[in-house]
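Take a look at the letters that make up each chain.
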Amino acid sequence: MSTAEATHDVAVIGAGIVGLATAKALLERWPQLRVCVLEKDARIAGQQTSHNSGVIHSGIYYRPGSLKSEFCVRGRDALVRFCEEHEIPHELCGKLIVATREEELPRLATLAERATANGVRGHELVGPERVAEIEPHVRALRALWVPSTGIVDFTLLAEAYAGIVREAGGELLLGAPVESSWLTGGVRYVRAGEEERSARLFVNCAGLHADRVARRLGARTPVRIVPFRGEYYTLRPEREEFVRGLIYPVPDPALPFLGVHFTRNIRGYVEAGPNAVLASAREGYRKRDVNLGDVWEIARYGGFWRVALREWRTGLNEVHRSLRKSVFVRDLQRLIPEVRGEDLTTGGSGVRAQAVAPDGALLDDFLIERTEAALHVLNAPSPGATSSLLIGEHIASMAGEMLGLAA
């Protein structure tokens, strides 16, 4: 059997927002392609996409020259245009990054420099009086105001991508986890649930399971996914007036997490969080979710122990904040002093698929690797959803090159 006899030209594994954006980009560029999307869950966007905070990021945090900085700024613009064209509810409510301590001021200035270098429009460093105009309940020494930041429902966005894929002739196969693969006559096959599929090229957008899928497709990547759960509280309706838009602290530049913050959701309610605690399951959205296989895999990975030894103090602080609401509230009060424990009710949670290298490095940029007849998206955390249209186009270009298609 030759590669021309494969049942699909491209099989995308994972119907989250990045996988669907990739399938969409492939079919828009090359309508003749036979494209399918294989999703292990019974619905699309059921994991990281649907547990996303819903923030349309502007591109201020990311190292100039990185894929994150390149894709986020242009991706934000593309996403906003897409929402306008497809009438998807969204709002550019703006973000205030707040410095409450003197030692945070240099880091805030560095963020402003990055915003300029990355081409973020309209940002400005502001003092206490302007802060009070933007967010009257915030107290700050200084802040960075980023009006181009917004909010959206990324599940609705993913559903719109899926609709375009279907209309273009792409196939979405749900309830089809990729369990194994093999080569026969030069063609790679996968067992996806009850189905057997073959393709000239597989694109691995499996998110929380991307490293496992990569190995099942024959890749020898040393990177492993370590899941971190982010837990939220929700402001009671009578306290939602505390927050007009998005209120963030100045982040620790050594870590890929942004710290607990306030987010006005596109549905109208306000979330407070998240923290970042090691999850006991790759899909461990609740404290009681434990998968012994996932725990054992983390425990066997040297890269995890190296990062744990390096960041043990931060890890303990995050666990402390997870277990004690009063600690969570104390950190929120750095941003809005009026917030009290009784103002917060238990909210949702998300799980971040954090790629960790064998040396213990927390990979900070997007990571897309090629292997024979496959592409693997091994790290696409925030701002992956904001950047989804640009990431999809980038992967589609790589796929076209591997398939020998004209640009």
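What comes next concerns the included structure. The model shown is predicted, which means the values in this text are computed figures rather than measured ones.

## Overview of the pairing of strand E16 (residues 270–273)
Stage number 1. Judged by which residues are buried, E16 turns out to be covered on both faces: Val 270 and Ala 272 on one side and Glu 271 and Gly 273 on the other are all buried.
Stage number 2. Pairing geometry for strand E13 (residues 224–235) and E16, over two bridges, is antiparallel. Among the inter-strand pairings, Tyr 233 is bridged to a residue of E16, identified as Ala 272.

## Concerning the side chain of Asp 9
Stage number 1. Assignment of secondary structure puts Asp 9 in strand E1 (residues 8–13).
Stage number 2. In terms of polar contacts, Asp 9 uses its side chain to reach the side chain of Arg 200, at 3.2 Å.
Stage number 3. Asp 9 has contacts with Gln 32, Leu 33, Arg 34, Ala 199, Arg 200, Leu 201 and Leu 403, leaving out every residue within four places of it along the chain.

## Some words on the nonpolar core
What tends to happen in soluble globular proteins is that the nonpolar side chains get buried as a cluster.
Stage number 1. Ranked by internal contacts, the top residues of the largest apolar core, which has 49 residues, are Leu 26 and Leu 157.
Stage number 2. Of all the secondary-structure elements, those providing two or more residues to this core are E1, helix H1 (17–29), strand E2 (35–38), helix H2 (67–86), helix H5 (154–167), strand E12 (195–204), strand E20 (374–379) and helix H11 (388–403).
Stage number 3. Leave out the neighbours within four places in its chain, and Leu 157 touches Ile 17, Leu 79, Phe 82, Cys 83 and Ile 88.
Stage number 4. If you look at the next biggest cluster of nonpolar residues, it comprises 25 residues, including Val 138, Tyr 233, Leu 235 and Ile 247.

## What to know about a nonpolar patch on the surface
Stage number 1. A cluster of nonpolar side chains, namely Val 290, Leu 292 and Val 295, defines an oily patch on the protein surface of about 290 Å² accessible area.
Stage number 2. By secondary structure assignment, the location of Val 295 is in helix H7 (residues 292–300).

## Examining the sheet that holds strand E4 (residues 90–91)
Stage number 1. What the three strands build is an open sheet, ordered E3-E8-E4; its pairing is antiparallel. Only two strands of the sheet have a single neighbouring strand rather than two, namely strand E3 (55–56) and E4.
Stage number 2. Pairing of E4 with strand E8 (residues 150–152), which is carried by two bridges, proceeds in the antiparallel orientation. Each residue of the ladder has a partner; that of His 90, found in E8, is Val 152.

Thresholds applied
- Residues numbered from 1 in each chain as written.
- Predicted model: local features only at pLDDT ≥ 70, side-chain atom pairs only at ≥ 80, totals over all residues.
- Heavy atoms only, no water.
- Buried < 20%, exposed > 50% of the residue type's maximum accessible area, 1.4 Å probe, protein only.
- Helix = DSSP H or I, 4+ residues; strand = E, 2+ residues; numbered from the N terminus.
- Pairing = 2+ DSSP bridges.
- Polar contact = N/O pair within 3.5 Å; in protein donor to acceptor, adjacent residues only side chain to side chain.
- Contact = heavy atoms within 4.5 Å.
- Core = buried A, V, L, I, M, F, W, Y, C linked by side-chain atoms within 4.5 Å.
- Patch = residues over 30% accessible without salt bridge, like charges linked within 9 Å, V, L, I, M, F, W, Y side chains within 5 Å.
- Areas by Shrake-Rupley, 256 points an atom, 1.4 Å probe, with all protein chains shown as cover.
- Salt bridge = Lys/Arg side-chain N within 4 Å of Asp/Glu carboxyl O.

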